[in-house]
Amino acid sequence: MAFHRHTGPGSYTVGTMSDRFDCHYCRDPLQGKKYVQKEGRHCCVKCFEKFCANTCIECKKPIGADSKELHFKNRYWHDSCFRCFKCSTSLVNEPFMLRENNKVWCSNCTATEDAPRCKGCFKPIIAGDQNVEYKKMVWHKDCFTCSQCKQVIGSGSFFPKGDDFYCVSCHEHKFAKTCAKCKNPITSGGLTYQEQPWHSECFICSNCKKQLGGKRFTAVEDQFYCVDCYKECVAKKCAGCKNPITGFGRGTSVVNYEDESWHDYCFKCTKCARGLANKRFVCHNGKIYCAECPKRL
């Protein structure tokens, strides 16, 4: 009598009977025939496959006495059916993982399937790939491109705008404010005058070219002057004190008469020194008098 033993859950022994012996199920004599012994019972190969054999979870067919059987967590496979669901590589003596729907996967396909997906090409990003992450999204480094020019941003600087991403250059031209003087984008800093944006380095004194940001200045038509340059080059001279009329500090009001100008506090009677701003006055021989003093001359 010869035996071949299958180990594992529901193990059984295959042998050949030389003496009189009947199948437990069909009662056919087993003398001289191949039979299976399982759980103390003897049966022919045909009845074994019909009543006792495990069913392969992959092909749904019985695993016969002559087949090699693999089992894992009360699941059974023909050895030829024990293949990766994704790439069909045989997993006999290879590492594997049992996934949904009782499918087995090789370790490579498992790693690929579980890897995060690139938002650009939707392919997996596997260990070792250079990538870019932003707000729980991930890209291959070469897939992270500018929404405008389509050039690779990679690990460079970028600006998010809704669902789009822009390189520095495209963001400047598409969204940045444009300087009122040089017409180039203002990427950072800058200042605003009369609701117009300016680069700090563009908002300067027309005479000495010093930057005017945060400083007192005077605008004359389309030109800007610092206090010193305005006094020196632009401001009218007071006909009384001969100093520039800047409009800053004391005496911001100006009195104009014919072709001359005065600080309001310098516009006074030549004789009695009474202030004449917003009052009646008389001009006599090029001098200014209050209404009473000419009578006394």
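Residues numbered from 1 in each chain as written. Predicted model: local features only at pLDDT ≥ 70, side-chain atom pairs only at ≥ 80, totals over all residues. Heavy atoms only, no water.

Side note on the overall build of the chain
Within the chain, the secondary structure is distributed over four helices and 22 strands. Counting the 297 residues in the chain, one finds 31% classified as buried. Taking the contacts inside the chain whose residues are at least 6 apart along the sequence as the reference set, 15% of them involve residues at least 24 apart. (Helix = DSSP H or I, 4+ residues; strand = E, 2+ residues; numbered from the N terminus. Buried < 20%, exposed > 50% of the residue type's maximum accessible area, 1.4 Å probe, protein only. Contact = heavy atoms within 4.5 Å.)

Remarks on the pairing of strand β12 (residues 164-167)
With four bridges connecting them, strand β11 (residues 158-161) and β12 associate as antiparallel partners. Bridged to F159 within β12 is Y166. The antiparallel pairing of β11 with β12 creates a hairpin that spans two residues between the two strands, and G162 there sits at a positive phi of about 65°. (Pairing = 2+ DSSP bridges.)

Comments concerning the nonpolar core
W77 and L91 are the most contacted members of the largest nonpolar core, which totals 13 residues. Mapped onto this core, the elements with two or more residues apiece are β6 (75-78) and β8 (103-106). Per-element accounting of this core gives the leading share, three residues, to β8. (Core = buried A, V, L, I, M, F, W, Y, C linked by side-chain atoms within 4.5 Å.)

Description of the pairing of strand β22 (residues 287-290)
Judged from the four bridges that link them, strand β21 (residues 281-284) and β22 form a sheet pairing that is antiparallel. Within β22, the position partnered with H284 by the bridge is K287. Connecting β21 to the antiparallel partner β22 that follows it, the hairpin turn spans two residues, and N285 within it adopts a positive phi of roughly 50°.

Re the packing of aromatic side chains
Note on aromatic pairs: each is described by the distance of the centres and the angle between the planes. The tally for this structure, following the rule as stated, stands at 23 aromatic pairs. Seen in terms of ring centroids, Y25 and F51 are 4.7 Å apart; in terms of plane orientation they differ by 15°. Their pairing is stacked. Of the two residues, Y25 sits in the loop between β2 (12-16) and β3 (34-38) while F51 sits in helix α1 (residues 45-52), which places them 26 residues apart along the sequence. With a centroid separation of 5.5 Å and 85° between ring planes, the pair formed by W198 and F224 is classed as edge-to-face. One end of the pair, W198, is in strand β16 (residues 196-198); the other, F224, is in strand β18 (residues 223-226), with 26 residues separating them in the sequence. F224 shares its class with W198; the two are buried. Lying over the aromatic face of W105, R99 brings its terminal NZ or CZ to 4.8 Å of the ring centre. (Phe/Tyr/Trp six-rings, centres within 6.5 Å; stacked < 30°, edge-to-face > 60°. Lys NZ or Arg CZ within 6 Å of the ring centre and 35° of its normal.)

Looking at the environment of C233
One can find C233 in helix α4 (residues 227-234). Taking the C-alpha atoms as reference, C233 lies 9.5 Å from P244; in sequence the two are eleven residues apart.

With respect to the confidence of the model for the chain
Per-chain confidence: the chain averages 80 in pLDDT, with 90% of residues scoring 70 or above. Here residues 1-7 is modelled with pLDDT under 50, and outside its nearest four sequence neighbours on either side it reaches 22 contacts, counting other chains as well. (pLDDT = per-residue confidence, 0-100.)

Focus on the state of the cysteines
As enumerated under the stated definition, the model contains zero disulfides in all. With no disulfide partner, C43 has as its closest neighbouring cysteine sulfur the one in C52, 4.4 Å distant. Of all cysteine sulfurs, the one in C205 lies closest to C208, which takes part in no disulfide; the gap is 3.6 Å. (Disulfide = S-S within 2.5 Å.)

Regarding unusual backbone geometry
The backbone of R27 shows a phi angle near 65°, a positive value even though the residue is not glycine. Examined against the element boundaries, R27 turns out to sit in the loop between β2 and β3. Unlike most non-glycine residues, K183 shows phi in positive territory, near 70°. Within the secondary structure, K183 sits in the loop between β13 (177-178) and β14 (185-186).

A short note on the side chain of H42
Secondary-structure assignment places H42 in strand β4 (residues 41-44). Look at H42 and you get buried, because its relative accessible area is 17%. Setting aside residues up to four positions removed in sequence, H42 forms contacts with F21, D22, C23, H24, L30, Y35, V36 and Q37.

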